[in-house]
Every structure is written in structure tokens, then in C-alpha cells.
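Report on the structure
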Amino acid sequence: MDLTIKLAAIAAIGILAQWVAWRTGWPAIALMLAGGIIAGPITGFIDPAVDFGTLYQPAIKLAVAIILFEGGLSLDFRELRHAGWPVGRLVLIGAPVAWILGAYAGHYAAGLPIEIAVLFGGILVVTGPTVVGPMLRQLRIGARPRDVLKWEGIVNDPLGALLAVLTLAYISYSGESGSAFRDIGIHVGLASLLAIGIGVGLAMLIGWAFPRGHVPEFLKVPVTFALVIVGFVVADVIEHETGLLTVTAMGIVLANMHLDSLGEMRRFKESVTILLISGVFVILSATLDWQTISRFEFRFILFLILLLFVVRPASVLIALLFSKMPWKERLFLAWIAPRGVVCVAITGLFALRLEELGFAEAPSLVTLAFAVVIVTILAHGFTARMLARRLGLDQGPGRAVLIVGSTPWSIKFAEALERLDIETLIADTSFLALRHARRAGVDTYHGDILESVHNDYIDISAYQAVIAATDTDAYNALILNELGPEIGHNAIFRLGTQTGKSTVTAPLAQKGRVLLKSKASLLDLLAREDKGWIFKQTRISEKYTLSDLKARLDDDAEIFAVIKPSKRILFFASVAKPVLESGDHVLAYIPPENDDKATMPA
């Protein structure tokens, strides 16, 4: 069969799994895993080793490099105000403890030779962005545990590979045993430092060239991609698996330079990373053939139990002992440690080298790695939200509404939402403009909303909708343009443009979803405020429908929003007309003479 058809199928399976996960709340990584197994060992439609031939291993390694770079690009040091010490403890204390306990479990439970057990224990230190990222995308658990899991996963990926390199170097060392640790430590240590230096150097090169205009805008993303691949390959040629250190260091340094062009680059790379994660996961799952499955032994079950319930919990709880992190967050971290692409890819590579060194048990490592990936993805993916809810960490879906711009109209709108038990926040750059909102008892935020969201001072995921209601049309449009990719373009709205006889409205200010069928501007709404217009809520039932409500209202009254029993709010906009059901509440904006008419008759 044509390879292009299989590539299309891989992309379709991966993205379909992501979409189903979004619709159902199921873990995306589990769905991608299932899709790859169905396409691979069950149906035989995809056989990566045969389909891709010699390109298979290099392609997977380069994909992992780009994924890790994008992960590093998301690691802003400002997040360490939440996660600094816990991340340091998990890396410096937790990783060695997990390595030692994993080695013991591999030797005594799985029956691996001690050398292989130590190597595999090092690999199992990794969690990684390929599995943690999709999981965190479906959870709202607060800044600290989220940032700790993200930082730990990205930093531990190259660390686990490095531990495996050290072990393999010791196993294959041909010198005197007394000098093995010294020689290997110097060799691998220098190679690692060089790899990190390459990553930092490439990041500094970008940081110097981009702001000075030495690279045009249309080439910035391709140049960055090329340097990531070159840096990874150069470091990997010097010492196997140290390329992961290079791309991670490069991403972290770039993330903390705060270059102007990184915003657009980050969004592009996030999209590419989702495609790569989806494709790589499907491909790796499809490599699970029946020969690999047949090597699974009953004693491996005990190893998996120890990995889930002893190794991870013990390493986390020991690392965070005497820390200030709340116990409920420690317990959550102690359970969550899914393994993914890096675990399987690195294990397969080292299994080949161990087999060359004469270890007959080496092929079993691949079977065990797949078992670890499948079990941890299923166990952690399907229980993460339940555990977060039991521990009180699950913040649930964002149901608040963010209103940008403090005016008499926006304050009255916020008060109407508060009466419907929907949390609201009014943000404005003017401290004086916020004083009326504060007097009304509405939550306020003083500062530029775009800067605050990008710097994580405001958690945008806590909001189901954003209303851009400032007195500047261009700024309202800018809010839609900048925050649309963060919260979703369907969840962000602006007021109508304030056009006049001598006013020329910029094209940018005319973009986006406009509230209300009339597309009223802020000036229009403030004029209605002066006339005494009010927000009125009415409950819709089978006997009293939206049509009945409209029939009772004057023509100039407007239906503003629908509030579902779950507190989900859907706005009537220029391009959106929500569907109403019995039990919904309708929020209407009406003239004062319509007050009695808007109430459902007895």
C-alpha cells in the first residue's frame, strides 16, 4: 500500500484521538495508544519498521527532539515562584531515589540482571511532555502542581537518558574497574556540559540575531527548527542521547529571553508538537508486534505494581519530605507519572546495544517498556481527574467571566452575572475607573490584561468567556486577536465599533465576534444606561419559551445570553445564536418599561 495513505492514516488517528479526548474528557494519550495498537498489531495496517525502514529511528529521535524543545520553550523561570523548590527536590533527590528503587524492582521483581535493571531504572525516571502535556491540558489543578509536573517531566527526560548512558558506559567499560566511575564520570560529564553549552550557545545566537533583523520574520521559525535539529544531531554524535540536553537547554534559555517574536513562534510550535505527539504515539504503539507481546512474563506484573504503588510514591514523598508543599499536592504528584515516547524510544535503542554486548534478556526490555507505558497511561490517565477531585485540587471547568473595561455598563453586567452565581472579574488599566466596580462589590484586577495573561498573573483557563468592553475599538480587537488562541475564538467577544460620520474604523477593530444582534457600541450601551436600561433574567420552560419572552418584549429590547444549569454561559452575538432548553435562564437587556414584561407570567 502507498506510504502516503499510511501517513495520512497516522495523522487522522492521532488528531481524531485528540478531538475525541476534548469532546469526552477521556485521556488523549490512552486514545492515541489504542488507535496505534488497532492500526498496528491488531489489523496489521501499519508496520513502522517495514513501512519506514531505516528512516524509522532517526525520524522518531528528531520528533522527540522537537517535542522536548517546545517543552523547554514553555519553561519560564517566573513559574518557579510556584514550583521552584519542589522541582529541585524532585530532580536532585526524587530522581536518584526513583532510579535506585526502580533498579531494585527490575532486578528482584522482573528478574532482570542487575546491570540491565540499573539501566532500565534510569530510563524509568522520565515522564516527559509527550504524556504529561496532554494530561495537564485536560486538568485544572492549580498553578503549583501543574508547573511542578510540567517542569519535572521536561527536565527528567534528558536526565533519564543520561542515567542510562552512564550505566551502559559502565557495562561496556573495558578499563580497570577501580577507575571506571572516574573515567566514565569525566567522559559523560564533559559531553553533557558540552551538549548544554551547545544548546545555550544556539539560543544566544537566536537572541542576538532575531532582534537585530539579521533573520527576516518569515524565516525565524524555519531557522529555529533547523538550529534545533542541528544542535541535537551534533550533540548526539559527540555522545549518544546528550542531544536531549541540548534541545531542552536551548528551549529554556529562549523561553527566558522573552523575545518579541517568540509569541507567534510558540503558538506555531505548539501546533507542530500536537501533530508530532499524535503521530509519534500512534507509530510507537503500532510497533508493538506479537513477538514483543509474547515475551511478557507473569512476574512483570509484580514489577508494574511496585512501580505504580512503591517506586513513584516513595521517590516523591521522600523528595518532598519537610517541604512546605501541602500534603494533598504531594499525594497527587506521588501518583502521577505516566511514561511515553521517550521511554519506549530510548529503551529500544539501548536494548539493541545490550543485545550486542551479549545480554540475552535485552529484548525483554522493549516488552517491559511497552507494558510500563500502557499501564501508567491507563492508570494515571483515567484516575488523574478523579484523584484531583478527591483531594480537592480539581478546580473544574472554568466558569467565570472576564470583562475588560470598567464602565457603568460593564459593572451592571457583572452584577447581573453575580446574581446568577457566575463569578466575574473586571480588569482595567485605570485604578480610578475600577473604584466604582469595587464599591459595587465586583472583583477587580488592575493592570494590562494581555501582559497579565502572558505572564501567568491571571489564569485564563479559569474563564469560560472574555468580553472586550473598553472604550478603544483597536484595543478590544487586539484582545480578541491575542487571547483568542488561548481561550478559543468562540469564547471571546467585543462590543460594536464606535463609528461616526467623521470616524474611520481600522479593519482590525472590525474583526471578531460582536455581542448583541444590534452590534451596539460602548457609547450606545452607555446611552441606554442613562435611560435606565436593566438586565433581567427569566427562566425558560416548556410552557414559557424564548418565543413567548420575545413576544412580550419591545422591539428594541435584546436577548443577551443564555445560562445553562451547569453555569455555562452562551452569548447572543452577531454570528452566534445559542440553542435554548427547558431549565435555562435567559439574560435580557431591556428598557425600564419592559421590566414587568420580561418576567415569566404566573
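Bear in mind the structure is a predicted one, so any value in this text is a computation, not a measurement.

1. A short note on helix H10 (residues 217–238)
Over its 22 residues, H10 extends 32 Å from the first C-alpha to the last, a length consistent with the 32 Å expected when each residue adds 1.5 Å. Every buried residue belonging to H10 is among Lys220, Val221, Thr224, Phe225, Leu227, Val228, Gly231, Phe232, Ala235 and Asp236, and all of these are buried. All buried residues of H10 project into a common sector of 160° when viewed along the axis, lining one side. Facing away from the buried side of H10, by more than 90 degrees, are the exposed residues Phe218 and Val237.

2. Thoughts on the pattern of salt bridges
Summed over all chains, the structure comprises 13 salt bridges. Note that lysine 6 is salt-bridged to aspartate 51, the shortest N-O span being 2.9 Å. One end of the pair, lysine 6, is in helix H1 (residues 3–24); the other, aspartate 51, is in helix H3 (residues 48–52), and 45 residues separate them in sequence. For arginine 312, the salt bridge is made with glutamate 152, and the minimal N-O distance between the two is 2.7 Å. Here arginine 312 is found in helix H14 (residues 299–319), whereas its partner glutamate 152 is found in helix H8 (residues 143–171), with 160 residues between them in sequence. Given a relative accessible area of 8%, arginine 312 falls into the buried group. Among the charged side chains, a salt-bridge network with shared partners connects Lys564, Glu581 and Asp584.

3. Considering the pairing of strand E2 (residues 424–428)
The buried fraction of E2 amounts to 5 of the 5 residues, a majority that puts the element mostly inside the structure. Residues of E2 alternate between two faces, with Thr424, Ile426 and Asp428 on one and Leu425 and Ala427 on the opposite face, all of them buried. Bridge count between strand E1 (residues 400–404) and E2: 4 bridges; the pairing is parallel. Bridged to leucine 402 within E2 is leucine 425. Each parallel crossover has a hand, and for E1 linked through helix H18 (residues 408–419) to E2 it is right-handed. For E2 and strand E3 (residues 444–446), the ladder comprises 3 bridges, and the chain directions are parallel. By the bridge assignment for E3, isoleucine 426 is matched with threonine 444.

4. Some remarks on the sheet that holds strand E4 (residues 463–468)
Two pairing modes exist for strands in a sheet, parallel and antiparallel, and in both the strands are linked by backbone hydrogen bonds. Strand order in the open sheet formed by 6 strands is E3-E2-E1-E4-E5-E6, with parallel pairing between adjacent strands. Of all strands in the sheet, those with a lone pairing partner are E3 and strand E6 (513–514), marking the two edges. Here H18 sits on the sheet in contact with E1, E2 and E4, set at roughly 160° to E2.

5. Describing the nonpolar core
Counting 120 residues, the largest nonpolar core has Phe120, Phe281, Phe303 and Leu354 as the members making the most contacts within it. The element that contributes the greatest number of residues to this core is helix H17 (residues 362–390), accounting for 12 residues. Filtering out sequence-adjacent residues up to four positions away, leucine 354 remains in contact with Ile116, Leu119, Leu168, Ile171, Phe359, Ala362 and Leu365. Core analysis: the second largest hydrophobic core is formed by 34 residues, Ala465, Ile467, Phe571 and Ala573 among them.

6. Section: the environment of glycine 583
With respect to the helices and strands, the residue glycine 583 is situated in the loop between strand E9 (569–571) and strand E10 (585–590). Take glycine 583: its relative accessible area is 15%, and that puts it in the buried class. Between the C-alpha atom of glycine 583 and that of isoleucine 540, which follows or precedes it by 43 residues, the distance is 5.6 Å. With residues near it in sequence (within four places) discarded, glycine 583 still touches Arg539, Ile540 and Pro565.

7. Topic: unusual backbone geometry
With phi around 65°, aspartate 421 is a residue other than glycine that occupies positive phi space. Summarising the element assignment, aspartate 421 is placed in the loop between H18 and E2. Positive phi, close to 70°, is recorded for leucine 516, a residue that is not glycine. Using a relative accessible area of 1% as the deciding quantity, one classes leucine 516 as buried.

8. Considerations on the sheet that holds E9
What the 4 strands build is an open sheet, ordered E7-E10-E8-E9; its pairing is antiparallel. The sheet is open, and its two edges are formed by strand E7 (534–539) and E9, each paired on a single side. With direction set aside, neighbouring strand axes in the sheet form an average angle of 25°. The pairing of strand E8 (residues 558–563) with E9 spans 3 bridges and is antiparallel.

9. Describing the side chain of aspartate 584
Within the secondary structure, aspartate 584 sits in the loop between E9 and E10. Exposure remark for aspartate 584: the relative accessible area of 0% places this residue in the buried category. A polar contact is formed between the side chain of aspartate 584 and the backbone nitrogen of glutamate 581, at a distance of 2.7 Å. The contact partners of aspartate 584, leaving out residues within four places of it in the chain, are Thr538, Arg539, Ile540, Val562, Ile563, Lys564, Pro565 and Val579.

10. Structural notes on the packing of aromatic side chains
Inspection of every chain in the model, using the stated rule, returns 15 aromatic pairs. Seen in terms of ring centroids, tryptophan 533 and tyrosine 589 are 5.3 Å apart; in terms of plane orientation they differ by 50°. Their pairing is tilted. Residue tryptophan 533 is found in the loop between helix H22 (522–530) and E7, and its partner tyrosine 589 is found in strand E10; the two are separated by 56 residues along the sequence. Tryptophan 533 sits in the buried class, given a relative accessible area of 6%. Under the relative-accessibility criterion, tyrosine 589 is labelled buried at 0%. Of note, arginine 438 hangs over the ring of phenylalanine 431, and the distance from its end group to the ring centre comes to 4.1 Å. Positioned above the aromatic ring of tryptophan 533 is the side chain of arginine 528, whose terminal nitrogen or guanidinium carbon lies 4.6 Å from the ring centre.

11. What to know about the confidence of the model for the protein chain
When the pLDDT values of the protein chain are averaged, the result is 84; 92% of them are 70 or greater. For residues 500–510, every residue scores under 50 in pLDDT, and the model assigns this stretch 12 contacts once sequence neighbours within four places are set aside.

12. Description of the layout of surface pockets
Counted as a void, the second largest pocket has a volume near 540 Å³. Along its surface, the second largest pocket is lined by 22 residues, and Tyr56, Gln57, Thr287, Gly348 and Val366 are the ones closest to its centre. Every element with two or more residues in the lining of the second largest pocket is listed here: H3, helix H4 (56–73), helix H13 (290–294), helix H16 (341–356) and H17. At 7 residues, H16 tops the list of elements feeding residues into the lining of the second largest pocket. Considering only residue class, the lining of the second largest pocket consists of 13 nonpolar, 5 polar and 4 charged.

13. Focus on H17
Here H17 contains 29 residues, and its C-alpha end-to-end distance of 41 Å stays within 8% of the 42 Å for a straight helix at 1.5 Å per residue. Following H17 by one or two positions, glycine 392 has its phi on the positive side, about 80°.

Analysis parameters
- Residues numbered from 1 in each chain as written.
- Predicted model: local features only at pLDDT ≥ 70, side-chain atom pairs only at ≥ 80, totals over all residues.
- Heavy atoms only, no water.
- Helix = DSSP H or I, 4+ residues; strand = E, 2+ residues; numbered from the N terminus.
- Expected span 1.5 Å × (residues − 1).
- Buried < 20%, exposed > 50% of the residue type's maximum accessible area, 1.4 Å probe, protein only.
- Arc of directions from axis to C-beta.
- Salt bridge = Lys/Arg side-chain N within 4 Å of Asp/Glu carboxyl O.
- Pairing = 2+ DSSP bridges.
- Right-handed = clockwise from strand over helix to strand, strands pointing away.
- Contact = heavy atoms within 4.5 Å.
- Axes fitted to C-alpha atoms, helices over the stretch in contact; angles between N-to-C directions.
- Core = buried A, V, L, I, M, F, W, Y, C linked by side-chain atoms within 4.5 Å.
- Polar contact = N/O pair within 3.5 Å; in protein donor to acceptor, adjacent residues only side chain to side chain.
- Phe/Tyr/Trp six-rings, centres within 6.5 Å; stacked < 30°, edge-to-face > 60°.
- Lys NZ or Arg CZ within 6 Å of the ring centre and 35° of its normal.
- pLDDT = per-residue confidence, 0-100.
- 1 Å grid on protein atoms, 1.4 Å probe; cavity = no way out; pocket = protein on both sides within 12 Å on 5 of 7 lines; lining within 4 Å.
- Points joined across faces, edges and corners; volume = space filled by probe spheres on them.
- Nonpolar A, V, L, I, M, F, W, Y, C, P; charged D, E, K, R; others polar.

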